[in-house]
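Structure assessment
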Amino acid sequence: MGAKKIIKIITNTILIILFAILALIIFAKAKTLISGKNYFSLFNYSVFEVATGSMNPAINKNDIIVTKKVDNYEINDIITFQKDQDYITHRILSKNNDTFITKGDANNTEDTPISKDKIIGKVIKIYPNLGIWKNIFSNPKILIIIFVTLVIFDIAFSYDSKKEKKPAVKLLHKKTDTIAAKDISKIKENIDDLEEDYTIRLDLTEIQKNIDKKINQKENNHE
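Residues numbered from 1 in each chain as written. Predicted model: local features only at pLDDT ≥ 70, side-chain atom pairs only at ≥ 80, totals over all residues. Heavy atoms only, no water.

1. Observations regarding the overall build of the chain
Within the chain one finds four helices and eight strands. Across the 223 residues of the chain, 21% fall into the buried class. Within the chain, residue pairs in contact and separated by at least 24 positions form 51% of the contacts whose partners lie at least 6 positions apart. (Helix = DSSP H or I, 4+ residues; strand = E, 2+ residues; numbered from the N terminus. Buried < 20%, exposed > 50% of the residue type's maximum accessible area, 1.4 Å probe, protein only. Contact = heavy atoms within 4.5 Å.)

See the structure below:
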């Protein structure tokens, strides 16, 4: 497999991934607008970007977390809950029926108690530093630049100079074959002419010898 083909495969793969990410971002935005929430949620799963370091070192700023709404939340679970207009991700320290006390791992003080209905979900997955990439791919200008660059690469490596040269090469071979065939025919004709000429000359020489011989014989007889 040539280098051009490998680069083309890589370029096409990146394009497909970018299209998938773009489609996912558009879907998430549309779903957020329809639901009236400030975060993406689907089938009890929600996605958040961590804005502070209150949960260091377990969760860091710019990490992306996925939460799931469950029936029961236990002590030591990391949960995301709503407080006023903010979304906070902290660890459960204690609970009393449907009331929970939480605290950030890096904080010195506990949070005010919250009720279960304020909990959005339990953190089930953490993607380190993915928030940076989210901000990149959410920027239309950056996406346009990436797409244009990849499309140019794809077009550039789709051009195969060998394919363009093939017809000319074939035509040259064809022409050469024709010329060669003509030359061979001419050479053969020349050889045949040479053989014929040589034969004629040979026959004339013999005739001349015979004539000279007869003339000599007559002269000898007269003497």
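Next, the rest of the story.
2. A word on the nonpolar core
Most often, soluble globular proteins keep nonpolar side chains buried together rather than apart. Counting residues in hydrophobic clusters, the biggest one holds nine residues: Tyr 39, Phe 48, Val 50, Met 55, Ile 59, Ile 65, Ile 78, Ile 120 and Val 123. Leave out the neighbours within four places in its chain, and Val 123 touches Ile 65, Val 66, Thr 67, Ile 78, Ile 79, Thr 80 and Thr 89. Ranked by size, the runner-up nonpolar core spans seven residues in total, among them Tyr 73, Ile 79, Phe 81 and Ile 114. (Core = buried A, V, L, I, M, F, W, Y, C linked by side-chain atoms within 4.5 Å.)

3. Overview of the pattern of salt bridges
Close approach of charged atoms lets side chains of opposite charge pair. One pass over the full model with this rule turns up three salt bridges. Lys 95 is the partner of Glu 74 in a salt bridge, and the nearest nitrogen-oxygen pair spans 3.3 Å. Within this pair, whereas Glu 74 is found in the loop between β3 (64–68) and β4 (78–83), its partner Lys 95 is found in strand β5 (residues 86–96), the two being separated by 21 residues in sequence. Accessibility expressed as a relative area gives 40% for Glu 74, which makes it partly exposed. We note a salt bridge from Asp 105 to Arg 91, for which the minimum N-O separation is 2.7 Å. Residue Asp 105 is located in the loop between β6 (99–103) and β7 (114–115), and its partner Arg 91 is located in strand β5; the two are separated by 14 residues in the primary sequence. Asp 105 sits in the partly exposed class, given a relative accessible area of 31%. (Salt bridge = Lys/Arg side-chain N within 4 Å of Asp/Glu carboxyl O.)

4. Concerning the pairing of β4
Sheet analysis places β4 next to β5, joined by six bridges and oriented antiparallel. Its bridge partner being in β5, Phe 81 is matched across the sheet by Ile 88. Linking β4 to β5, which pair antiparallel, is a turn of two residues; within it Asp 84 sits at a positive phi near 55°. Bridge count for β4 against strand β8 (residues 119–127) is three bridges, and the pairing is antiparallel. Note that in β8 the partner of Ile 79 across the bridge is Lys 122. (Pairing = 2+ DSSP bridges.)

5. Observations regarding the sheet that holds β4
Taken in spatial order, the eight strands of this open sheet run β1-β2-β3-β8-β4-β5-β6-β7, and their pairing is antiparallel. Among the strands making up the open sheet, the edge pair consists of β1 (40–42) and β7. Sheet topology note: the β6/β7 ladder contains two bridges and is antiparallel. From the neighbouring strand, Phe 100 faces β7, where its bridge partner is Ile 114.

6. A look at the packing of aromatic side chains
Here a ring pair, both rings aromatic, is described through the centre-centre distance and the interplanar angle of the planes. Following the criterion strictly, the structure yields two aromatic pairs and no others. Arranged with centres 5.6 Å apart and planes meeting at 40°, the rings of Phe 48 and Tyr 87 form a pair that is tilted. Placement of the pair is Phe 48 in strand β2 (residues 45–49) and Tyr 87 in strand β5, with a sequence separation of 39 residues. Ring geometry for Tyr 73 against Phe 100: centres 6.4 Å apart, planes inclined by 85°, an arrangement best described as edge-to-face. Placement of Tyr 73 in the loop between β3 and β4 and of Phe 100 in strand β6 is noted, with a sequence separation of 27 residues between them. Its relative accessible area of 2% is what places Tyr 73 among the buried residues. Of the residues examined, Phe 100 reaches a relative accessible area of 3% and is grouped as buried. (Phe/Tyr/Trp six-rings, centres within 6.5 Å; stacked < 30°, edge-to-face > 60°.)

7. Considering unusual backbone geometry
Backbone phi values are negative for most residues with the exception of glycine, while trans is the configuration of most peptide bonds. Omega for the bond connecting Asn 56 with Pro 57 falls within 30 degrees of zero, at 0°, which places this linkage in the cis form. Among the secondary structure elements, Pro 57 is positioned in the loop between β2 and β3. The phi angle at Asn 97 is positive, at roughly 60°, despite the residue not being glycine. Among the secondary structure elements, Asn 97 is positioned in the loop between β5 and β6.

8. Focus: the confidence of the model for the chain
Model confidence for the chain is summarised by a mean pLDDT of 75, while 59% of its residues fall at 70 or above. The secondary structure element of the chain with the lowest average pLDDT is helix α4 (residues 161–222), at 56, and the one with the highest is β6, at 96. (pLDDT = per-residue confidence, 0-100.)

9. Description of the environment of Phe 40
For Phe 40, the position within the fold is in strand β1. The buried category is assigned to Phe 40, whose relative accessible area is 18%. A C-alpha to C-alpha distance of 9.3 Å links Phe 40 and Ala 30, two positions 10 residues apart in sequence.

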